[in-house]
Amino acid sequence: MIGEMDHDEYLQLLAGEALDDLDAVEVARLSAHRDGCAACAAATMDLDGTLVALALAAPQRAAPGALEARILAAAAAEPHTSVAKPAADGRAGVPATPTPPAPTLPRSADAPSRGGWTSWLRRPQFALAAAGLAVVLAVASLSLASQVSDLNATLKVQDAAIAILANPSHVAAPLAPEDGSGATATAVYLPDSTQSFVMASGLAPTPAGKVYQLWAADAAGVHPLGTYTFDGNGTFVAPFGVDLSTAAAAMITLEPTGGSTGEPGPQVVFGNLPAST
Amino acid sequence: MGMIDLTAGVGNVWQNRTVTRQEPTLPVREPPSAEQRAIEVALLGRVRDGDASALSDLYARFGGPLYSLAYQIVRDAGAAEDIVQEVFMAVWRSAGRFDPTKGSPAGWLFSLARHKSIDLLRRETTARSRSVDVDLTLEPAAEDVEQEAWLGIRRDRTLHSLEALPAAQREAVELAFFGGLTHVEVAERLGIPLGTAKTRIRTGLLRLRDLLGDSVSEVAT
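Rules and cut-offs
- Residues numbered from 1 in each chain as written.
- Chains lettered and ligands numbered in written order.
- Predicted model: local features only at pLDDT ≥ 70, side-chain atom pairs only at ≥ 80, totals over all residues.
- Heavy atoms only, no water.
- Helix = DSSP H or I, 4+ residues; strand = E, 2+ residues; numbered from the N terminus.
- Buried < 20%, exposed > 50% of the residue type's maximum accessible area, 1.4 Å probe, protein only.
- Contact = heavy atoms within 4.5 Å.
- Areas by Shrake-Rupley, 256 points an atom, 1.4 Å probe, with all protein chains shown as cover.
- Expected span 1.5 Å × (residues − 1).
- Polar contact = N/O pair within 3.5 Å; in protein donor to acceptor, adjacent residues only side chain to side chain.
- Buried area = accessible area lost by both parts, 1.4 Å probe.
- Salt bridge = Lys/Arg side-chain N within 4 Å of Asp/Glu carboxyl O.
- Pairing = 2+ DSSP bridges.
- Axes fitted to C-alpha atoms, helices over the stretch in contact; angles between N-to-C directions.
- Core = buried A, V, L, I, M, F, W, Y, C linked by side-chain atoms within 4.5 Å.
- Phe/Tyr/Trp six-rings, centres within 6.5 Å; stacked < 30°, edge-to-face > 60°.

Peer 1: How should I be thinking about the overall build of chain B in this particular structure?
Peer 2: When helices and strands are counted, chain B shows nine helices and zero strands. Going from the N terminus to the C terminus, chain B shows its helices and strands as α-α-α-α-α-α-α-α-α. Across the 221 residues that make up chain B, the buried fraction comes to 56%. Relative to all contacts within chain B whose residues are 6 or more apart in sequence, the contacts with residues 24 or more apart total 74%. Summing over all exposed atoms, chain B offers an accessible surface of approximately 9,200 Å²; the carbon and sulfur share of this is 51%.

Set out below in structure tokens:
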């Protein structure tokens, strides 16, 4: 567990964040604190400038002359979209800055009257096209609504995890990387409740056809829990949804889409949990 | 051990150099001001909206420095090219992810380049055993004389500030930033506990921020 921190300690966390050296608990503590701290917000900007200065201290080399053309050709070949692509099954971890929805188009002052539109739509040759357009718009609308819904769900999960960290009764147990995954994670939970989450840093994006699955182990065996995809950005936060105070260990594995109900697949992170008292 | 050779000061910038002047679309000729940053934020906004010319303008500003940083970390020209392309494609795909409350456009771009460079090192089997004797010898760089001068001034200030750090902090910061090492790897490389490595890196970075003072503000604003 982490006690109260003074401001110098938050500054240390900011410096760690600047070089991506925070564990999941530190990320959550810093996020919860910084929202209301002008000094930390200013220090964040200062450290951004420090890293830019360091980057510019690298010996400057001329980039190959053809590189810009190569980049622009690649960009031209790729349809541009201004909306971040959601994870395949809509259960992503933490997205980066959400992209605001596209503004609605203002109604033209000299648009056809309602009667004009309906009479136009009644023409047989346009009716089919209009129906198709309606389907496309409906699908696009559902997609956008789905993204907003996913974002709200993600924020709720984050808020719930942070609330646990703010509770002095919480338990935090580290989960160590397995097989060189490079990820580090922490299981945080309130004993004798199902309020339990994993918070992981450095987790790779979910490979195609795979999902991350949470597991908890107790004397009765290893229990498969939720499956999630993750885009690799930020901190992965997901609920265990079980009382971890009765569990002996927790882990994240990589499984085929749909998850596993039997033998766990390759472990990404694993950790023993402290015995409950 | 991985101390970076900082003896190659900016004085070398002007030696034995044949420079062909070229006029970039939006050359970086002076310390970034609030106005400069606003321009860069606006460029990202145009990229977000699908304006390829804004991507070209961003390249004119940052292509060389991003390539230089990537090369410094991965030490391979072809890989550095690929990384710069990945950075700009990431910007093209998701410029809307830039959050001006968390940093500058420059900071975001350099962060992307550093992450992608480190990711590449992680994918290489030799990453953990590779040399981290980073060579900072200056080479012919920017084709724009004024841009090169500006970068030289910036670099000089930063190198002097780095030199003012306690040696242990400086070494740890350099290994983490330019060497592309994780903090665990820094600890292993220096033969010190992980907690000590973290403290050296974090304290060193904060001290560097203080030493850079106003010049950091110029970059950050």
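Peer 1: Would you take a moment to explain the environment of Leu165(B) for this structure?
Peer 2: All names here are of chain B. Looking at the secondary structure, you find leucine 165 in the loop between helix H5 (145-164) and helix H6 (167-177). C-alpha separation for the pair leucine 165 and leucine 208, spaced 43 residues apart in sequence, amounts to 7.1 Å. Dropping the residues within four chain positions of it, leucine 165 is found in contact with Arg170, Gly204, Arg207, Leu208 and Leu211.

Peer 1: Just to check I follow, could you spell out helix H3 (residues 77-94) of chain B for this structure?
Peer 2: Side chains three or four residues apart in an α-helix point the same way, a direct result of the helix having 3.6 residues per turn. Residues and elements named next belong to chain B. Over its 18 residues, H3 extends 26 Å from the first C-alpha to the last, a length consistent with the 26 Å expected when each residue adds 1.5 Å. Of all 18 residues in H3, 13 are buried; the element is thus mostly enclosed. Near the N-terminus of H3, the side chain that reaches the backbone nitrogen of glycine 78, with its oxygen 3.1 Å away, is that of aspartate 76.

Peer 1: Help me out: how do you make sense of the interface of chain A and chain B in this one?
Peer 2: As a measure of interface size, the accessible area lost when the parts come together is often cited. At the interface, 50 residues of chain A touch 69 residues of chain B. Across the chain A to chain B interface the summed buried area is about 5,600 Å²; carbon plus sulfur atoms make up 62%. If you look at where chain A meets chain B, you find seven salt bridges. A salt bridge links Arg97(B) to Asp231(A), with the nearest nitrogen and oxygen atoms 3.8 Å apart. Between chain A and chain B we count 16 residue pairs in polar contact (both at pLDDT 80 or more) in total. Mapped onto the side of chain A that touches chain B, the elements with two or more residues apiece are helix H1 (7-18), helix H3 (38-56) and helix H4 (67-76) of chain A. Counting residues per element, the side of chain A that touches chain B draws most heavily on H3(A), at 14 residues.

Peer 1: Any chance you could explain the sheet that holds strand S8 (residues 267-272) of chain A here in plain terms?
Peer 2: Backbone-to-backbone hydrogen bonds join strands into a sheet, with any given pair of strands oriented parallel or antiparallel. Residues and elements named next belong to chain A. One open sheet holds the eight strands; their spatial order is S5-S4-S7-S8-S1-S2-S3-S6, and the pairing between them is antiparallel. Each edge of the sheet is formed by a strand with only one pairing partner; in this case those strands are strand S5 (221-228) and strand S6 (236-239). Each adjacent strand pair in this sheet contributes to an overall mean axis angle of 25°, direction not counted. Two elements, strand S1 (residues 171-177) and S8, share two bridges in a ladder whose sense is antiparallel. Note that in S8 the partner of alanine 176 across the bridge is phenylalanine 270. Along the sheet, helix H2 (residues 24-34) contacts S1, strand S2 (184-189) and strand S3 (196-201); its crossing angle with S3, the most-contacted strand, is approximately 100°.

Peer 1: Before we go on, may I ask you to explain the pattern of salt bridges in this structure?
Peer 2: It is possible for side chains bearing opposite charge to pair when their charged atoms get close. Summed over all chains, the structure comprises 13 salt bridges over all chains. Ionic pairing is found between Glu26(A) and Arg202(B), a salt bridge with its closest N-O pair at 3.6 Å. Within this pair, whereas Glu26(A) is found in helix H2, its partner Arg202(B) is found in helix H8 (residues 194-212), the two belonging to separate chains. What makes Arg202(B) buried here is its relative accessible area of 8%. Each member of the salt-bridge network shares a partner with another, and the members are Asp21(A), Glu26(A), Lys198(B) and Arg202(B).

Peer 1: So what exactly am I meant to see when it comes to the pairing of strand S4 (residues 210-218) of chain A here?
Peer 2: It is a general feature of regular strands that their side chains alternate between the two faces of the sheet. Residues and elements named next belong to chain A. For S4, the buried fraction is high: seven of the nine residues fall into the buried class. Pairing of S4 with strand S7 (residues 249-256), which is carried by eight bridges, proceeds in the antiparallel orientation. Paired with tyrosine 212 across the strands is leucine 254, a residue of S7. Pairing analysis gives six bridges linking S4 to S5, with the strands arranged antiparallel. Its bridge partner lying in S5, tyrosine 212 is registered against tyrosine 228. Taking the residues between adjacent antiparallel strands as the criterion, S4 and S5 are bridged by two residues.

Peer 1: I would appreciate a short explanation of the nonpolar core in the present structure.
Peer 2: The biggest cluster of nonpolar side chains holds 79 residues, and the ones touching the most others in it are Leu54(A), Leu58(B), Leu66(B), Val91(B) and Val186(B). Sorting elements by how many residues they give to this core places helix H2 (residues 52-74) of chain B first, with 12 residues. Filtering out sequence-adjacent residues up to four positions away, Val186(B) remains in contact with Ala172(B), Leu175(B), Ala176(B), Leu181(B), Ala197(B) and Ile201(B). Grouped together as the second largest cluster of nonpolar side chains are 26 residues, Leu175(A), Ala216(A), Tyr228(A) and Ile252(A) included.

Peer 1: In this structure, what is going on with the packing of aromatic side chains? I would like to understand it.
Peer 2: Each aromatic ring pair is described using two quantities: the centre-to-centre distance and the angle formed by the ring planes. Residue and element names in this part refer to chain B. Scanning the entire structure with this criterion turns up eight aromatic pairs over all chains. Ring centres of phenylalanine 98 and tryptophan 108 lie 5.7 Å apart, and the angle between their planes is 50°; on these two criteria the pair is classed as tilted. Placement of the pair is phenylalanine 98 in the loop between H3 and helix H4 (105-123) and tryptophan 108 in helix H4, with a sequence separation of 10 residues. By relative accessible area, which is 18% here, tryptophan 108 ends up buried. Ring geometry for phenylalanine 177 against phenylalanine 178: centres 5.0 Å apart, planes inclined by 85°, an arrangement best described as edge-to-face. With respect to class, phenylalanine 177 is no different from phenylalanine 178; both count as buried.

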